Amino acid sequence: MAKKFYITTPIYYPSAKLHIGHTYCTTNADVIARYHRMKGDEVYFLTGSDEHGEKIQKNAELKGVTPQEFVDDIVEGIKNLWKNLKISNDDYIRTTQQRHIDVVQKVFTKLLEQGDIYLGEYEGWYCTPCESFWTDSQVGEKHLCLDCGREVHKAKEEAYFFRMSKYADRLLKFYEEHPDFITPESRKNEMINNFIKPGLEDLCISRTSFTWGIPVKENPKHVVYVWLDALLNYISALGYLSDDPSKFNTFWNDDSYILHLVGNDITRFHVIYWPIFLMALNLRLPDKVFVHGLLMMKDEKMSKSKGNVVSPDPLIERYGLDAVRYYLVRETTFGQDGSFTPEQFVERINVDLANDFGNLLNRTIAMIIKYFNGIIPHYVKPVTSFDQELEEVGKNTIALYKKDMEELKVTEAIMEVMNYVSRANKYIEESKPWELFKDETKKEALASCMNHLAGVLRQCGILLSPILLDASKKLFTQLGMDESLTSWDSLDNLTLVGGQEVQKGEPLFPRLKAEDEIAFIKSLMKA
Ligand SMILES: [Zn+2]
């Protein structure tokens, strides 16, 4: 039965242009979404942008444009980037869209009426760039922002609050009953010990100090402050409380699987405040909040302000989309922090894609042309112990790949496939088809060898198709595979009936001259 699968990325804050670090989460989300679609699940994949707040208002003023013009410009760039990376999102939510504004205002009214929201006064240490208030103990003696490390200042204003404390026990009970809710688990303990156990503080959810936000209908000098506004995107995009709630009914019900991918800098908001808002609205909670790491520039967080940023666009232009997508999901274990270096980028392409994967295809096609006039030979039975061994590796690879993908271990899943590719290259050395070819009595063994190699490539093409969008198609074309042999349902059989005509094509991934390309990428990073 088709599962209903709802996957979201964080909505990005468009205060400047996005860099390769942002694409890390979105590309992984895309691979997970494509994997589920390939399996036959009904998928809804959402990304978007979080477009309100003081920082945007100020940046717009500096630029001499309206905040809306300011975010429109950046959002266009973000959408182009996702298009260039062939991100397969089903929707793009902007918190400045009317469909979202309506939901935020309706929710605010409902929560105010039921007493979860109250008017109070807020005094605290305020970090303007982060738009965050902090407590005395959080800013310490030096009065530094907990998120960005900049200096904070005292600020006080009338504000609406959400009664978080009321829900703390229910939240802890939910964690207990749903041990998979927060992944990795270490993040859960951090949340419980740092934020819930010391007493969950009520959350300030409005501001009067700036105007670029969704006005509180009941008191329009207030705008809704970031988290209530931003988090509701996950349900406003589905049509919650709208005239057409059909998507909401499909993807936010008890039968659907709901997955939020978040960076570790916004974990707290997704595993504490978001579940509590949902409880207050009497809605089901997500199945999983998966906290991934950040992609950095060698030892340093990649950031717009530090100027150590590489944009993915010139990389795509020069090396192709598949190489960039492969790097993004393979180099850094999804979930952990990683760092971008030009050396590793080039090595990944040369070693994994050009030498191992692309070369396996080239060798196989060349041999089938030479030994069997370009027709994949019929398969008889496992003829050698090498054939049998390879079949075992194939079965294990598929099982592990599925398990890893279900557990969001995208990097590990790819590594399983690439190990299978390496094993197949070794299988050629073991089987020595060039010797089999010279011996008339070894014709069957040679046929079996070619059939196995074509079969491995076909399986790897399917398994890598959520990542290598063009290369998997080119591989199927070169192997002469029709659609019935490229589907998920056809995955399990390693050996083929045979009879397909292969055709020699361009190498999937031309080998790069490492020194030249490293220098090129370095020049991009300085630009
Ligand atoms: Zn800050």
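To start, this report covers the structure provided alongside it. What you see is a predicted model; the values in this text were computed from it and never measured.

The rules we used
- Residues numbered from 1 in each chain as written.
- Predicted model: local features only at pLDDT ≥ 70, side-chain atom pairs only at ≥ 80, totals over all residues.
- Heavy atoms only, no water.
- Buried < 20%, exposed > 50% of the residue type's maximum accessible area, 1.4 Å probe, protein only.
- Helix = DSSP H or I, 4+ residues; strand = E, 2+ residues; numbered from the N terminus.
- Pairing = 2+ DSSP bridges.
- Phe/Tyr/Trp six-rings, centres within 6.5 Å; stacked < 30°, edge-to-face > 60°.
- Right-handed = clockwise from strand over helix to strand, strands pointing away.

1. A closer look at the pairing of strand 2 (residues 42-49)
Consecutive side chains along a regular strand alternate between the two faces of the sheet. A large share of strand 2 lies buried, amounting to seven of its eight residues. With seven bridges connecting them, strand 1 (residues 4-12) and strand 2 associate as parallel partners. Along strand 2, the bridge assignment pairs Tyr 12 with Ser 49. Both strand 2 and strand 3 (residues 91-94) contribute to a ladder of four bridges, which runs parallel. The residue bridging Leu 46 from the neighbouring strand is Asp 91, located in strand 3.

2. Regarding the packing of aromatic side chains
The geometry of an aromatic ring pair is captured by two quantities: the separation of the ring centres and the angle between the planes. In this structure the tally under the stated criterion is 27 aromatic pairs. Ring plane angle 5 degrees and centroid distance 5.8 Å describe the contact between Phe 5 and Tyr 257, whose orientation is recorded as stacked. Residue Phe 5 is found in strand 1, and its partner Tyr 257 is found in strand 11 (residues 257-263); the two are separated by 252 residues along the sequence. Residue class for Tyr 257 comes out partly exposed when judged on its relative accessible area of 24%. Where Phe 248 meets Trp 252, the ring centres are 6.5 Å apart and the plane angle is 5 degrees; that geometry is what we call stacked. One exposure class covers both Phe 248 and Trp 252, and it is buried.

3. Let's talk about the pairing of strand 12 (residues 288-292)
In terms of burial, strand 12 is a largely internal element, five of the five residues being buried. Residues Lys 288, Phe 290 and His 292 of strand 12 are buried on one face, and the alternating residues Val 289 and Val 291, pointing to the opposite face, are buried as well. In the sheet, strand 7 (residues 182-183) pairs with strand 12 via two bridges, with the strands oriented parallel. Residue pairing for strand 12: Ile 182 is matched across the bridge by Val 289. One ladder, built from five bridges, connects strand 11 with strand 12; its direction is parallel. For Leu 261, the partnering residue across the bridge sits in strand 12 and is Phe 290. Read as a crossover between parallel neighbours, the route from strand 11 over helix 11 (residues 267-280) to strand 12 is right-handed.

4. A few points about the sheet that holds strand 7
Spatial strand order, 3-2-1-11-12-7: six strands in an open sheet with parallel pairing. Edge strands, defined here as strands with exactly one partner in the open sheet, are strand 3 and strand 7.

5. Things to note about unusual backbone geometry
Cis geometry marks the peptide bond from Thr 183 to Pro 184; its omega dihedral reads -5 degrees. If you check the backbone angles, Lys 86 has positive phi at about 50 degrees while not being a glycine. Phi at Leu 241 is positive, roughly 60 degrees, even though this residue is not glycine. Among the structural elements, Leu 241 can be located in the loop between helix 9 (233-236) and helix 10 (246-251). Leu 241 gets classed as partly exposed once you look at its relative accessible area, which sits at 34%.

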